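Structural features, examined
Okay, here's what each chain looks like letter by letter:
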Amino acid sequence: MSGRLLHLFSYVFATLLFAPLSAQERADSTAVADTLRATNALSQPPIKEHRWYFGIVGWHNVLDTYLSPYEYTGIGHCLVRRTEKPFRGSGRWHSVFQFSTNFAYLKAPNSNRREIDAQLSLAYGALHCWHPSPRWRLAAGGLLGIGGGLTYNTRGGNNPAQGRASAELALQGVCEYSFTLFRKDFKVRVQADVPCLGLAFSLHYGQSYYEMFGLHHGDRNVRFTYPVNAPSFGLLCSLDFPVSRAVITVGFRSDVRQSHLGGLKRHAWSNVFVVGFTRRVQRVR
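These lines cover the structure that appears in this document, whether it is placed above or below. (Residues numbered from 1 in each chain as written. Predicted model: local features only at pLDDT ≥ 70, side-chain atom pairs only at ≥ 80, totals over all residues. Heavy atoms only, no water.)

**Considering the overall build of the protein**
Applicable threshold: Under the DSSP-based scheme used, a helix requires at least four consecutive residues in state H or I and a strand at least two consecutive residues in state E, with every element numbered from the N terminus. Contacts are assigned to residue pairs that have any heavy atoms within 4.5 Å of one another. Only the protein chains shown count as cover for residues, with accessible areas throughout obtained via the Shrake-Rupley method and a probe of 1.4 Å.
If you tally the helices and strands in the protein, you get three helices and 11 strands. Ordered by position in the sequence, the α and β elements of the protein form the string α-α-β-β-β-β-β-β-β-α-β-β-β-β. Within the protein, contacts between residues separated by at least 24 positions form 62% of all contacts whose residues are at least 6 apart in sequence. Carbon and sulfur atoms make up 65% of the accessible area of the protein, which amounts to about 17200 Å² in all.

Here you go:
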C-alpha cells in the first residue's frame, strides 16, 4: 500500500513540474525573449555604415600672410564621406575611412579683392568601441591622413597663389546616443578630431615658388607640426532620423585649421550647417 502511495505522489509531482505553462506565463516568457532579442540587436553594430554630409550654408574665415595680411571672409561649402565597419573577427575594433572637401569664396574687408580657398583631405584609421548600454556607443582611436589645398588671391602679383600639402596623425572620438520618439528611432552623434603629429609643406617668409623650384633654393620647406605650431580641431554634431525607408542626417560641422610655419601665419575657420543621409548594411543571421 505504501509503495502505491509513493508511486502516486511521484507521478503527481512530475506532472506539476513539467506541465505546460499557462497562457499568462507563456506570454511573459515571450515578452522577455523579445526584449532580449531587441537588446542584442541594438548592441550589435552594423557590418558597414556609410555617412554623407553636404554643407549647404557655411561661414568661412581665412588668413594667409603669404598672400595678404588681411582676413578674408565669405560663404563656403563642404562635403564629408565617412565609412566605418568592424574588422573581420573583431566586434570592438572598427576601421574608418574619411574623405572631406572644403571650398570657399571669400572677400577682403573694405576691398573688392577676392580669394578662393579649396582643401581636400583623406584619412584612414581604427577605433575601439564600447557599449555601456544598448543605447550608448563610445569609440576612440587614431587616423592617419593626407591633405592638400590651394588658396588663390585675385589681386595678382608674382605669387597670387599658395599651395599646401600635409600628412598627419589625428585622434578621433565618437559618442552616439539612440532613443525613440513618436515610435521612430533617432540617434544623436558627436565626433571630434584633434591632429597631434604631422609633416607640412610650407614656404618660408619672403621665399617665392620660382626661387624654390626654378633656382632650387630650398629653406626647410617640409616642417614638423604639432599642437603648438599647428593647433587644429574638427567637430561634427548630427541627428539621424528616419524618413520613409531612408535615414536622414542634419547637423553642424566646425573645422579649425591653424599654423605658424616659416614665419608665415595661416588659419582657415569654417562653421557649416550640413544635411545628408546614412546607409547601414546590417548583419543577417
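Alright, that's what it looks like, and here's the rest.
**Here's the deal with the packing of aromatic side chains**
Going by this rule: Any two rings among Phe, Tyr and Trp, with Trp reduced to its six-membered ring, count as a pair given centres within 6.5 Å; such a pair is stacked if its planes are under 30 degrees apart, edge-to-face if over 60, and tilted if neither. Only protein chains enter the calculation, and the probe is 1.4 Å; a residue is then buried if its accessible area is under 20% of its type maximum, exposed if over 50%, and partly exposed in between.
Considering all chains together, one arrives at eight aromatic pairs under this definition. Judged by centre distance (5.5 Å) and plane angle (15°), the rings of F179 and F186 are stacked. Exposure remark for F186: the relative accessible area of 16% places this residue in the buried category. Here a set of aromatic residues connected by ring pairs shows up, and it is made of W136, Y177, F179, F186 and F241.

**What about the pairing of strand 11 (residues 264–281)?**
Short version of the rule: Note on pairing: two strands pair once DSSP finds at least 2 bridges between them.
Strand direction decides the pairing type here: strand 1 (residues 48–64) and strand 11, joined by 16 bridges, are antiparallel. Bridge assignment links G58 to a residue of strand 11, and that residue is V272. Of the strand pairs in this sheet, strand 10 (residues 246–261) and strand 11 are connected by 15 bridges, and their pairing is antiparallel. Bridge pairing links F252 to F273 in strand 11.

**Re a nonpolar patch on the surface**
Quick reminder of the rule: In this analysis, a patch consists of residues with relative accessible area above 30% that form no salt bridge, clustered at 9 Å for like charges and at 5 Å for the nonpolar side chains Val, Leu, Ile, Met, Phe, Trp and Tyr. Salt bridges are defined as contacts in which a side-chain nitrogen from Lys or Arg sits within 4 Å of a carboxyl oxygen from Asp or Glu.
Nonpolar side chains collect at one region of the surface, where L144, L169, L197, L199, V222, F224, Y226 and V228 lie side by side and expose about 790 Å² of accessible area between them. Counting only elements with at least two residues in the nonpolar patch, the list comes to strand 7 (184–201) and strand 8 (222–225). Along the chain, the position of Y226 falls in the loop between strand 8 and strand 9 (233–243). On the basis of relative accessibility, which here comes to 33%, the residue Y226 falls in the partly exposed class.

**Overview of unusual backbone geometry**
Phi is positive for R183, close to 65°, though the residue is something other than glycine. Relative to the assigned elements, R183 resides in the loop between strand 6 (161–181) and strand 7. According to the relative accessible area criterion, R183 is exposed, its value standing at 84%. Even without a glycine there, the phi angle at S244 is positive, about 60°. Locating S244 in the fold gives a position in the loop between strand 9 and strand 10.

**Some thoughts on the nonpolar core**
Applicable threshold: What is meant by a nonpolar core is a set of buried Ala, Val, Leu, Ile, Met, Phe, Trp, Tyr and Cys residues, joined one to another through side-chain atoms within 4.5 Å.
One finds V96, A123, L127, C129, A139, L143 and V174 forming the largest nonpolar core, which totals seven residues. Every element with two or more residues in this core is listed here: strand 4 (114–133) and strand 5 (136–153).

**Concerning the environment of L235**
Summarising the element assignment, L235 is placed in strand 9. Residues L235 and D193, 42 residues apart in the sequence, show an inter-C-alpha distance of 6.5 Å. Those residues within four positions of L235 in sequence are excluded, and the remaining contacts are V190, Q191, A192, F252, R253 and S254.

The quantities given are spatial measurements derived from coordinates; they are silent on function.
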